[in-house]
Amino acid sequence: MSKGTLFVISAPSGSGKSTLIKNILASRRNTVFSVSMTTRKPRGEEKDKIDYHFVTKDYFKSRIEVDDFLEYAEYCDEFYGTPRTFVEMNIEQGNDVILEIDTQGARRIRSVCKDAVHIFVMPPSFEVLEQRLRDRATETEEKIQKRLYTARSEMTRADEYDYIVINDDLQEATMKMLSIMSAEKNKTERMKDKVSHLINKENVN
Ligand code: 5GP
C-alpha cells in the first residue's frame, strides 16, 4: 500500500483557512486533519479534541520532554504542537494528513519530512484580514495587534512554500487547494508503488 502524503497549510490567523480546510476534508477521501495541542484558551465555539487539544503550559512542556511532537512553536505567547504519533500512524496507513501550522512549524517539517507539500493561504488583503480578526471579537486589542504584526511577518515567508492560494473567494480557493492536492498525489514519484503493483499483477495474469 502507498504511504499517505503530508500537506502543510500555513496562513496568518484571519485568512479564513479553517473553513477552507473543512471544505477539503468534506471533499476528499482518506484525508485526516491533525488536531494540534495548544496552551491557548478555546475561542468562541471551539471544542477540545476537535479544534485543538487544549492543555496547560506544564503539560505541554512535559510532552516536549518525551519528544511527543513532530514540531512545535511559540506563537503570540502560546505554545502549539503537532502530536507525532497521529501523523506517523496515518501516513503509514496510506491516509493524507493535513497540518495547519505556522511558518516556524512549517520550516521544521521541511527539515524532517522532505516530501511534504507546503501550501500558503493568503488573505485577499491586509484590511480583510484585520476585519476578520476584529469580527470574531474573541481577542483583546493587544492580542489583535500582536496577531496583525505576526501575520505581516508570516506573509513575507510565503515564498518558502510550494504553492500560494489567495482566499478571496472560498469556493475558488477550495477548488485550487483540491487541484493542488490531486496533482501532487499523481506525481510520478508518488505513483511508483501503484504502477509496480499494476505491472506485477499484469505478469501474474
Ligand atoms: P490560532 O490561535 O489562530 O488557532 O493559531 C495561531 C497560529 O498557530 C496559526 O498560524 C496556526 O496555524 C498555528 N498553529 C496551530 N497549530 C499549530 C501546531 O501544531 N504547530 C505550529 N507550529 N503552529 C500551529
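What you see is a predicted model, and the numbers here were worked out from it, not measured in a lab. Per-chain numbering applies: the sequence of each chain, read as written, is numbered from 1 onward. In keeping with the model being predicted, local features are shown solely for residues with a pLDDT of at least 70 and side-chain atom pairs are shown and tallied solely at 80 or more, while totals for entire chains, interfaces and linings include all residues. Processing note: side-chain calculations cover all non-hydrogen atoms of the structure and skip hydrogens and water entirely.

From N to C terminus, the protein chain includes eight helices and nine strands. Against the globule reference of 17 Å for 205 residues, the protein chain gives a C-alpha radius of gyration of 18 Å, in line with a compact fold. Reported as C-alpha extents along the three principal axes, the dimensions of the protein chain are approximately 70 × 40 × 30 Å. Within the protein chain, buried positions represent 44% of all 205 residues. Restricting the contact set of the protein chain to residue pairs at least 6 apart, pairs at least 24 apart contribute 69%. In the structure as shown, the protein chain presents an accessible area of about 11700 Å², 51% of it carried by carbon and sulfur atoms. Helix and strand definitions here come from DSSP, where helices need a minimum of 4 consecutive H or I residues and strands a minimum of 2 consecutive E residues; each element is numbered from the N-terminal end. Only the C-alpha atoms count toward the radius of gyration. The rule for a globule is 2.2 Å times the residue count to the power 0.38. Note on exposure labels: buried denotes an accessible area under 20% of the residue type's maximum, exposed denotes more than 50%, and partly exposed covers the range between, all computed with a 1.4 Å probe on protein chains only. By the convention used here, residues are in contact when the closest approach between their heavy atoms is within 4.5 Å. We get accessible surface area from the Shrake-Rupley algorithm with a probe of 1.4 Å; when it comes to residues, only the shown protein chains can shield them.

What follows concerns the environment of Glu-88. Position of Glu-88 relative to the elements: it lies in helix H3 (residues 84-92). Judged by relative accessible area, which is 42%, Glu-88 ranks as partly exposed. In this structure the C-alpha to C-alpha distance between Glu-88 and Arg-43, which are 45 residues apart in sequence, comes to 28 Å.

A word on the packing of aromatic side chains. Ring pairs shown here join Phe, Tyr and Trp side chains whose ring centres sit within 6.5 Å, with only the six-membered ring taken for Trp; geometry is labelled stacked below 30 degrees between planes, edge-to-face above 60, and tilted in between. Counted according to the given criterion, the structure contains eight aromatic pairs. Ring centres of Phe-120 and Tyr-161 lie 5.2 Å apart, and the angle between their planes is 70°; this geometry places the pair in the edge-to-face category. On the criterion of sequence distance, the pair formed by Phe-120 in strand S8 (residues 117-122) and Tyr-161 in the loop between helix H6 (141-155) and strand S9 (163-166) is long-range, its members being 41 residues apart. An aromatic cluster is built from Tyr-52, Phe-54, Tyr-75 and Tyr-80, whose rings are joined through pairwise contacts. A cation over a ring is seen here: Arg-110 above Tyr-161, with NZ or CZ 5.0 Å from the ring centre. A cation sits over an aromatic face here: Arg-152 above Phe-126, 3.8 Å from the ring centre. Any Lys NZ or Arg CZ that is within 6 Å of a ring centre and within 35 degrees of that ring's normal is treated as a charge sitting over the ring.

Before going further, it helps to examine unusual backbone geometry. Even without a glycine there, the phi angle at Cys-76 is positive, about 50°. By the element assignment, Cys-76 lies in the loop between strand S5 (69-75) and strand S6 (78-83). By relative accessible area, Cys-76 is classed as buried at 16%. At Asp-77, a position not held by glycine, the phi torsion is positive, near 70°. On the basis of relative accessible area, Asp-77 is assigned to the partly exposed category, the value being 44%.

On to the packing of helix H1 (residues 17-27) against helix H7 (residues 170-185), then. Only C-alpha atoms enter the line fits that serve as axes; for helices the fit covers just the stretch in contact. Angles between N-to-C directions range over 0 to 180 degrees. The N-to-C vectors of H1 and H7 enclose an angle of 55°; their axes lie 10 Å apart at closest approach. One element, H1, and the other, H7, form an angle in the oblique class. In terms of crossing hand, the pair formed by H1 and H7 is right-handed. Across the interface between the two elements, Thr-19, Leu-20, Asn-23, Ile-24 and Ser-27 from H1 touch Leu-170, Gln-171, Ala-173, Thr-174, Met-177, Leu-178 and Met-181 from H7. Lys, Arg, Asp and Glu make up the charged group, whereas Ala, Val, Leu, Ile, Met, Phe, Trp, Tyr, Cys and Pro make up the nonpolar group; the residues left over, Gly among them, are polar. Taken together, the residues of the contact of H1 with H7 break down into seven nonpolar, five polar and no charged. Here the word oblique covers every angle except those under 35 degrees (roughly parallel), over 145 (roughly antiparallel) and from 65 to 115 (roughly perpendicular). Two helices that cross are described as forming a left-handed crossing if the nearer one is turned anticlockwise from the farther one by less than a right angle, and a right-handed crossing if clockwise.

Any Lys or Arg side-chain nitrogen located within 4 Å of an Asp or Glu carboxyl oxygen qualifies as a salt bridge. For the structure shown, the criterion picks out 22 salt bridges. Here Glu-92 and Lys-3 are joined by a salt bridge, their closest N and O atoms 3.6 Å apart. With a gap of 89 residues between them, Glu-92 in helix H3 and Lys-3 in the segment before strand S1 (6-10) connect regions that are remote in the sequence. Residue Glu-46 pairs with Arg-43 through a salt bridge whose shortest N-O separation is 4.0 Å. Comparing Glu-46 with Arg-43 shows no difference in burial state: the two are buried. Look at the salt bridges and you will find they share partners, linking Arg-40, Arg-43, Glu-46, Glu-139 and Arg-147 into a network.

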